[in-house]
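Next come the chains, spelled out residue by residue.
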Amino acid sequence: MADNKAQLVIEGAEAIELPILTGTVGPDVIDVRSLTSTGRFTFDPGFMSTASCESKITYIDGDKGILLHRGYPIEQLAEKSDYLETCYLLLNGELPTTEQKAKFVDTIKNHTIVHEQLKSFLHGFRRDAHPMAVMCGIVGALSAFYHDSLDINNPQHREISAHRLVAKMPTIAAMVYKYSMGQPLMYPRNDLNYSENFLHMMFNTPAEIKPISPVLAKAMDRIFILHADHEQNASTSTVRLAGSTGANPFACIAAGIAALWGPAHGGANEAVLTMLDEIGDVSNVEKFLAKAKDKNDPFKLMGFGHRVYKNFDPRAKVMKQTCDEVLGELGINDPQLDLAMKLEEIALNDPYFAERNLYPNVDFYSGIILKAIGIPTSMFTVIFALARTVGWISHWKEMIASGQKIGRPRQLYTGHPKRDLPR
Ligand code: CMC
């Protein structure tokens, strides 16, 4: 893995040899771990040039628009797999056999119900609380309910916690929604598949059980697959950092949910719809594009651009196709969706966006699909969190199994040097 070496020459000091590590695909990395013995550190706020860990789960080539889970391209998974199979793949490294898949689906279904007492916990929140605030609290609270699987050094406990999280997230997400609406909570139905069950818990009531549209269930499943993992993004890195302290998996996932909430990350799908509201009408698009280009204006076009994908987001391609299917199936005539399509067209043809390689990202289209399905805007990031839980927990498991040290970055201190109190 480390055949080549880099030399770091620091003026007035001896040159330092740093090993260059090579992965299976992707750029080599310079191993700077020995630098600490020289009393110096690297400086990389925003981690633009830093690989924080070794991982075998997901590979992204941002320039070529490639996203692989355990080697399999996201486009193939979105077309030929389903969410639970993708979960198995992320968690275990290989696709399941037919028997393994059936057993996994069965296990997940076994864990869909949450502890009854969680309901009373829910009642502590205001009904108008943001669903992500409630989600953060409830998922963190799971560690107070499932004491039997909290030994992070026990691989079986780690596995049960992973299964519990994947199984319970749809139930919790739907509970959060129903609570905000003042509707009775719906229990999961194990005769339905993962995404059908989620839509059932979201939109049915005990008074009226309507069949779930297969097109919408498929679209939901695709949204789950496309958000399942994305290597070392801000929330996954947060989960890893929290997990490196030995914190329990439910607490770590709650930390990931908090990090996902921000509009530069998972909050972007909600921010897209809020922005469309603000733009209001196609006649205002040019004015908002001018704001997005103005360096003195903090406004950014939500749902455009990506830290890693500088050409196109492969998830956005699949999502756009699903978006067309869903809008077609529902025959929706919504001026806000028309506005989104117009904005996409104008921005794609604008030199500012073209020169900076700013394309619609996955959140641009997922926001539109979720709105069309009838999911309220404030729930968008919750759905992202639901889908990403498997990615977070796969990374957490990988990290714990590798025995990684506690994550503890250093800093470039620019505050006062030591001084005495003036008294
Ligand atoms: N609207 C207008 N200008 C933009 C935008 C945007 N959405 N995104 C980037 N730029 C400009 C930026 O101002 C900079 O211009 P210049 O070179 O003249 O200074 C240039 O494009 C390069 O951008 P950057 O800020 O260096 O890019 P970054 O990698 O630091 O930020 C980002 C990536 C996703 C935070 C940013 O593009 C953004 O805020 N986008 C809107 C929010 C969004 O949609 N986020 C969801 C990301 S996908 C979901 C996920 O994986 O979490």
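Up top is the structure.
Residues numbered from 1 in each chain as written. Predicted model: local features only at pLDDT ≥ 70, side-chain atom pairs only at ≥ 80, totals over all residues. Heavy atoms only, no water.

1. Examining the layout of surface pockets
Reasoning step 1: The calculated volume of the second largest pocket comes to roughly 220 Å³.
Reasoning step 2: Lining the second largest pocket we find 16 residues, and of these Asp82, Tyr83, Asn193, Ser195 and Asp221 sit closest to its centre.
Reasoning step 3: At the level of secondary structure, the elements contributing two or more residues to the lining of the second largest pocket comprise helix 2 (83-92), helix 3 (98-110), helix 7 (194-203) and helix 8 (214-226).
Reasoning step 4: If one sorts the elements of the lining of the second largest pocket by residue count, helix 8 sits on top with 6 residues.
Reasoning step 5: Broken down by class, the residue content of the lining of the second largest pocket amounts to 7 nonpolar, 3 polar and 6 charged. (1 Å grid on protein atoms, 1.4 Å probe; cavity = no way out; pocket = protein on both sides within 12 Å on 5 of 7 lines; lining within 4 Å. Points joined across faces, edges and corners; volume = space filled by probe spheres on them. Helix = DSSP H or I, 4+ residues; strand = E, 2+ residues; numbered from the N terminus. Nonpolar A, V, L, I, M, F, W, Y, C, P; charged D, E, K, R; others polar.)

2. A look at the sheet that holds strand 1 (residues 4-8)
Two modes of strand pairing occur in sheets, parallel and antiparallel, and in both the strands are linked by backbone hydrogen bonds.
Reasoning step 1: One open sheet holds the 3 strands; their spatial order is 1-2-3, and the pairing between them is antiparallel. Sheet topology places strand 1 and strand 3 (29-30) at the edges, where each strand pairs with a single neighbour.
Reasoning step 2: Across 5 bridges, the pairing between strand 1 and strand 2 (residues 16-21) is antiparallel. Residue pairing across strands places Ala6 opposite Leu18, the latter belonging to strand 2. (Pairing = 2+ DSSP bridges.)

3. Quick notes on the site of the ligand
Reasoning step 1: Taken together, 21 residues form the shell around the ligand, and within it His265, Leu301, Gly303, Arg307 and Asn361 come nearest.
Reasoning step 2: Here Lys295 contributes a side-chain N or O atom positioned 3.2 Å from an oxygen atom of the ligand.
Reasoning step 3: Within the side chain of Arg356, an N or O atom sits 3.0 Å from an oxygen atom of the ligand.
Reasoning step 4: Tallied by class, residues from the shell around the ligand come to 9 nonpolar, 5 polar and 7 charged. (Near = heavy atom within 4 Å. Polar contact = N/O pair within 3.5 Å; in protein donor to acceptor, adjacent residues only side chain to side chain.)

4. A short note on unusual backbone geometry
Reasoning step 1: Phi at Arg70 is positive, roughly 50°, even though this residue is not glycine.
Reasoning step 2: Along the chain, Arg70 falls in the loop between strand 5 (66-69) and strand 6 (72-73).
Reasoning step 3: Backbone geometry places Glu231, a non-glycine residue, at a positive phi of 40°.
Reasoning step 4: Tracing the chain through its elements places Glu231 in the loop between helix 8 and helix 9 (234-243).
Reasoning step 5: For Glu231, a relative accessible area of 23% puts it in the partly exposed group. (Buried < 20%, exposed > 50% of the residue type's maximum accessible area, 1.4 Å probe, protein only.)

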